[in-house]
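An overview of the molecular structure
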Amino acid sequence: AASEAGDGAARVCHSCGATSPSFAFLCGQCGAVMEADYGAATHFELLGVAPRYALDLSELDAAYKELQKKLHPDRHAQAPERDRELVETHAARLNEAVATLRSPLLRARYWMQLNGVRVLEEDQRMADEAAMFEVMEVSETLEEAKTQAEVDGLRRDNDQRIAGIEAQLHDVFAREDWEAARPLVERLQLLARLAQRINEWSPP
């Protein structure tokens, strides 16, 4: 099971005794599977990518694939049960991290949380009525759509809106303007939900 090492606590390899100041899935000295002492390790640290909102997704995917290979069950099939269970725990944590960082919305929310800013909480009312009305109009158009071509057009438009919000977030996060970031993240959530409905569309 995963455990939480205190901040600054060294991780000790059970196999060779080597210590590491931060969490690693495998021992840097002997390659043994490390304990699930994630502590305060962020998703960025787990994947070994620089902590920033404006991520290079190809870099992220390359880091993920490399770790995925190292944690593949087949590579540990002959290992003790303890190691096999740890590999399974590590793989789940890795998948959680990459799913969050791949998503513009989840990454934005996570970035704000890392900086101590609440967003998309149940008690936070969305104030951007224009954005809600815009998404409602597109949803109605989607419901009335009869052809794939119509839906593809809606998808393109929505993808452009999402890309525009991402670009604005890059700027406001770089300035650490959390007040400006919150409505953008709320709008991004609306557009992400709309994207899901568009993807789930099937012809009448």
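Residues numbered from 1 in each chain as written. Predicted model: local features only at pLDDT ≥ 70, side-chain atom pairs only at ≥ 80, totals over all residues. Heavy atoms only, no water.

Take the environment of Ala174 next. Considering the arrangement of structural elements, one finds Ala174 in helix H6 (residues 148–174). Note: C-alpha distance between Ala174 and Tyr53 (121 residues apart in sequence) is 8.5 Å. (Helix = DSSP H or I, 4+ residues; strand = E, 2+ residues; numbered from the N terminus.)

On to the packing of aromatic side chains. Applying the stated criterion across every chain yields a total of 6 aromatic pairs. Consider the rings of Phe23 and Tyr38, whose centres lie 4.8 Å apart with planes at 65°: the pair is edge-to-face. With a gap of 15 residues between them, Phe23 in the loop between strand S2 (19–20) and helix H1 (43–47) and Tyr38 in the loop between S2 and H1 connect regions that are remote in the sequence. Per residue, the accessibility class of Phe23 equals that of Tyr38, and both read buried. Look at Phe173 and Trp178: their rings are 5.8 Å apart centre to centre, the planes differ by 45°, and that puts the pair in the tilted class. Residue classification places Trp178 among the buried residues on the basis of a relative accessible area of 19%. Taken together through their ring pairs, the aromatic side chains of Phe23, Phe25 and Tyr38 make up a single cluster. (Phe/Tyr/Trp six-rings, centres within 6.5 Å; stacked < 30°, edge-to-face > 60°. Buried < 20%, exposed > 50% of the residue type's maximum accessible area, 1.4 Å probe, protein only.)

This part is about helix H7 (residues 178–199). In a regular helix each residue adds 1.5 Å, so 22 residues correspond to 32 Å; H7 covers 31 Å between its end C-alpha atoms and thus fits that length. Along H7, the residues that are buried comprise Trp178, Ala181, Leu184, Val185, Glu186, Arg187, Leu188, Leu190, Leu191, Leu194, Ala195 and Ile198. Residues of H7 that are buried sit in contact with helix H4 (104–114), helix H5 (129–144) and H6. (Expected span 1.5 Å × (residues − 1). Contact = heavy atoms within 4.5 Å.)

To continue, consider the side chain of Arg11. Relative to the assigned elements, Arg11 resides in strand S1 (residues 11–12). Side-chain polar atoms of Arg11 contact the backbone oxygen of Asp37, separated by 2.9 Å. (Polar contact = N/O pair within 3.5 Å; in protein donor to acceptor, adjacent residues only side chain to side chain.)

The subject of this paragraph is the nonpolar core. Counting 56 residues, the largest nonpolar core has Phe25, Leu47, Met112, Leu169, Phe173 and Val185 as the members making the most contacts within it. Listed by contribution, the elements that provide at least two residues to this core are H1, helix H2 (57–70), helix H3 (81–102), H4, H5, H6 and H7. For this core, the element with the highest residue contribution is H7, accounting for 10 residues. Here Met112 is in contact with Val117, Val119, Phe173, Trp178, Ala181, Arg182 and Val185, once residues within four sequence places are set aside. Membership of the second largest hydrophobic core comes to 5 residues, among which are Cys13, Ala18, Cys27 and Met34. (Core = buried A, V, L, I, M, F, W, Y, C linked by side-chain atoms within 4.5 Å.)

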